[in-house]
Amino acid sequence: MITSKVSKRYAKALLSLGKEDGKYQQYGEDLRSFASFYTENKEFAQSVSNPVFSLEDRKRILNFVLGKASYAETVKNFLNLLLDKNRIDAVPGIYAYYEKLTDEVANIARAEVITPGPLGEEAKKRLEKVLESLTSRQVKMATREDKALIGGIVVKIGDLVLDGSVKAQLMGLKESLKRGEYR
Amino acid sequence: MVRRPYRPGKFLVLVVMAVAGCVLFCGLAAAADPAHGQDRSADLRDLLYRFINFTLLVIILFVVLKKVGIRQFFVSRTEEIKKKLEELRSGKEEAERKYRELEQRLQEFESKKQEIIEQFKAEGLAEKEKIVNEAQSRVKQILEQAEATVQQEIQAARDRLRGDVLTLATRQAEEIIAREMTEKDQDRLVNDFIERVGKGH
């Protein structure tokens with residue numbers, strides 16, 4: 001997702017509020033919850049972001065939804081402000097950047113782990129530990145399966161890619177043979 | 001040879017006298033002809049008148065011609081003709097001189113012509129040699145380029161073939177490994193990876 005300058009500005013503003021009252025992680029959770037609801041419910045997203053409807057109507061719909069959720073008051077006010085400024089459709093981008101900011105504040109590194117099959121719990125724990133010692137940060141892993149790897153494992157942390165897949169090894173071998181390194 | 005000057009008056013008097021004598025003689029002879037026995041005095045008179053008439057004509061003609069200066073005219077005409085002849089002679093000499101000059105120039109040209117032909121032949125030979133040399137060097141260059149292109153094409157074909165073989169071999173290897181890969185192998189690969197990352201740190 002491409003995060004716009006506007007999204008970054010709003011995310012930074014919310015984070016500064018969260019840091020002041022020490023609830024930035026709760027705000028992050030609330031924002032994540034609303035962003036996923038907004039993305040999954042296209043009709044709701046259309047209703048609150050389309051300027052064809054009057055602002056009062058859109059606000060009534062938004063506050064009806066927010067009334068059902070147990071979000072922090074600051075988050076509710078923040079979402080109302082976004083609606084007033086016609087920036088409600090930027091919520092997913094704001095959350096994405098907010099997550100990055102909170103990760104930095106909490107010293108968290110997010111890792112994407114790709115394997116051809118399910119990864120065992122014991123291996124997950126060991127890998128997490130190794131990655132934490134590698135990055136000197138708390139690591140939160142998200143696993144994904146990709147049969148094309150054939151075997152082995154691929155780990156992505158930010159810009160760092162650690163490729164231990166069979167596919168990559170075969171490609172490396174092929175390139176070496178192409179260059180004539182094994183004559 | 002000494003030429004006597006031309007005198008037309010004397011010549012004319014002599015002619016007139018000779019003609020008059022002839023006419024008188026012929027007239028008298030005809031009048032004295034006894035064979036016919038006729039009176040010819042009227043004819044003689046007529047002849048005399050004619051003679052007088054003719055003599056008068058001659059005298060008048062002589063006087064008129066003398067008055068208008070016919071002699072002077074012929075003298076000047078003669079001079080003019082002489083002058084013209086002189087001019088023609090000098091023109092002829094000039095033409096002959098020019099002819100001789102042209103003949104000499106022609107001879108010189110003939111001798112130069114040979115020299116020019118020789119020079120052109122030499123230049124032509126030099127040019128021919130130059131063209132042949134250039135053509136030979138160009139041929140050599142083209143052959144070298146062709147050789148290089150052939151070598152490049154061979155190398156490219158070799159690389160393509162190697163690439164194709166390697167792609168096929170890699171695909172085969174992937175299929176075999178995917179078929180033969182077990183959970184145990186996968187666990188071993190993951191453990192090796194974790195171990196390597198840990199050691200690397």
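Report on the accompanying structure. (Residues numbered from 1 in each chain as written. Chains lettered and ligands numbered in written order. Predicted model: local features only at pLDDT ≥ 70, side-chain atom pairs only at ≥ 80, totals over all residues.)

## Some words on the overall build of chain B
Looking only at helices and strands, chain B has four helices and zero strands in total. Secondary structure elements of chain B occur, N-terminal to C-terminal, as α-α-α-α. For chain B, the proportion of its 201 residues judged to be buried stands at 2%. (Helix = DSSP H or I, 4+ residues; strand = E, 2+ residues; numbered from the N terminus. Buried ≥ 20, exposed ≤ 12 C-beta atoms within 10 Å, placed from the backbone.)

## Topic: the interface of chain B and chain A
Taken together, the 18 residues of chain B in the interface contact 19 residues of chain A. Of all the secondary structure elements, the ones that give two or more residues to the side of chain B that touches chain A are helix H3 (70-180) and helix H4 (183-200) of chain B. Looking at side-chain class alone, the side of chain B that touches chain A contains 10 nonpolar, five polar and three charged residues. (Contact = placed C-beta atoms within 7 Å. Nonpolar A, V, L, I, M, F, W, Y, C, P; charged D, E, K, R; others polar.)

## Here's the deal with the pairing of strand E3 (residues 152-157) of chain A
Residue and element names in this part refer to chain A. In this structure, strand E1 (residues 108-115) lies alongside E3, joined through four bridges in antiparallel fashion. The residue of E3 that forms the bridge with Ala-111 is Ile-157. Sheet topology places E3 next to strand E4 (residues 160-165); six bridges connect them, and they run antiparallel. Its bridge partner being in E4, Ile-157 is matched across the sheet by Leu-160. Between E3 and E4, which pair antiparallel and follow one another directly, the connecting turn spans two residues, one of which, Gly-158, has a positive phi of 60°. (Pairing = 2+ DSSP bridges.)

## Some points on the sheet that holds E1(A)
Working definition: the strands of a sheet are paired by backbone hydrogen bonds and lie parallel or antiparallel to each other. Strands sit in the order E2-E1-E3-E4 (chain A) across an open sheet of four strands; the sheet is mixed. Sheet topology places strand E2 (138-145) and E4 of chain A at the edges, where each strand pairs with a single neighbour. Mean inter-strand twist for the sheet, computed between neighbouring axes without regard to direction, equals 15°. Where E1(A) meets E2(A), eight bridges bridge the pair, whose relative direction is parallel. Residue pairing for E2(A): Ala109(A) is matched across the bridge by Val139(A). Its contacts with the sheet put H4(B) on E3 and E4 of chain A, and the angle it makes with E3(A) is roughly 40°. (Axes fitted to C-alpha atoms, helices over the stretch in contact; angles between N-to-C directions.)

## Points about the nonpolar core
If you look at the biggest cluster of nonpolar residues, it comprises 22 residues, and the most contacted ones within it are Leu31(A), Leu82(A), Val91(A), Ile94(A) and Tyr98(A). Mapped by element, the contributors of at least two residues to this core are helix H1 (5-21), helix H2 (24-40), helix H5 (73-84) and helix H6 (91-106) of chain A. Not counting chain neighbours up to four residues away, the residues in contact with Tyr98(A) comprise Ala11(A), Leu14(A), Leu15(A), Gly28(A) and Leu31(A). In terms of nonpolar packing, the next biggest core, distinct from the first, is built from 17 residues, Val113(A), Leu127(A), Val139(A) and Val190(B) among them. (Core = buried A, V, L, I, M, F, W, Y, C linked by C-beta atoms within 7 Å.)

## As for helix H8 (residues 166-178) of chain A
Under the 1.5 Å per step criterion, the end-to-end length of H8(A) is 18 Å for 13 residues, consistent within 8% with the ideal 18 Å. Trailing H8(A) by a residue or two, Gly180(A) shows a phi angle of about 80°, which is positive. (Expected span 1.5 Å × (residues − 1).)

## Some points on unusual backbone geometry
Most peptide bonds take the trans configuration, and most residues that are not glycine carry a negative phi. Residues and elements named next belong to chain A. Positive phi, normally seen in glycine, also occurs at Asn-107, with a value near 60°. One can find Asn-107 in the loop between H6 and E1. C-beta crowding within 10 Å serves as the criterion here: with 10 such atoms nearby, Asn-107 is assigned to the exposed category.

## Re the packing of H8(A) against H3(B)
Interhelical geometry of H8(A) versus H3(B) gives an angle of 155° and a closest axis separation of 10 Å. Regarding the angle of H8(A) to H3(B), the classification is roughly antiparallel. Pair H8(A) / H3(B) crosses with right-handed handedness. On the side of H8(A), the interface is formed by Val166(A), Leu170(A), Lys174(A), Leu177(A) and Lys178(A), while H3(B) contributes Arg162(B), Gly163(B), Leu166(B), Thr170(B), Ala173(B), Glu174(B) and Ile177(B). (Parallel < 35°, antiparallel > 145°, perpendicular 65-115°, else oblique. Left-handed = near helix turned anticlockwise from the far one by under 90°.)

## A look at the environment of Ile94(A)
Residue and element names in this part refer to chain A. Relative to the elements of secondary structure, Ile-94 occurs in helix H6. Separated by 82 residues in sequence, Ile-94 and Lys-12 have C-alpha atoms that sit 8.9 Å apart. Discounting chain neighbours no more than four positions away, the residues touching Ile-94 are Ser-7, Tyr-10, Ala-11 and Leu-31.

Any link to function would need more than the numbers given here.
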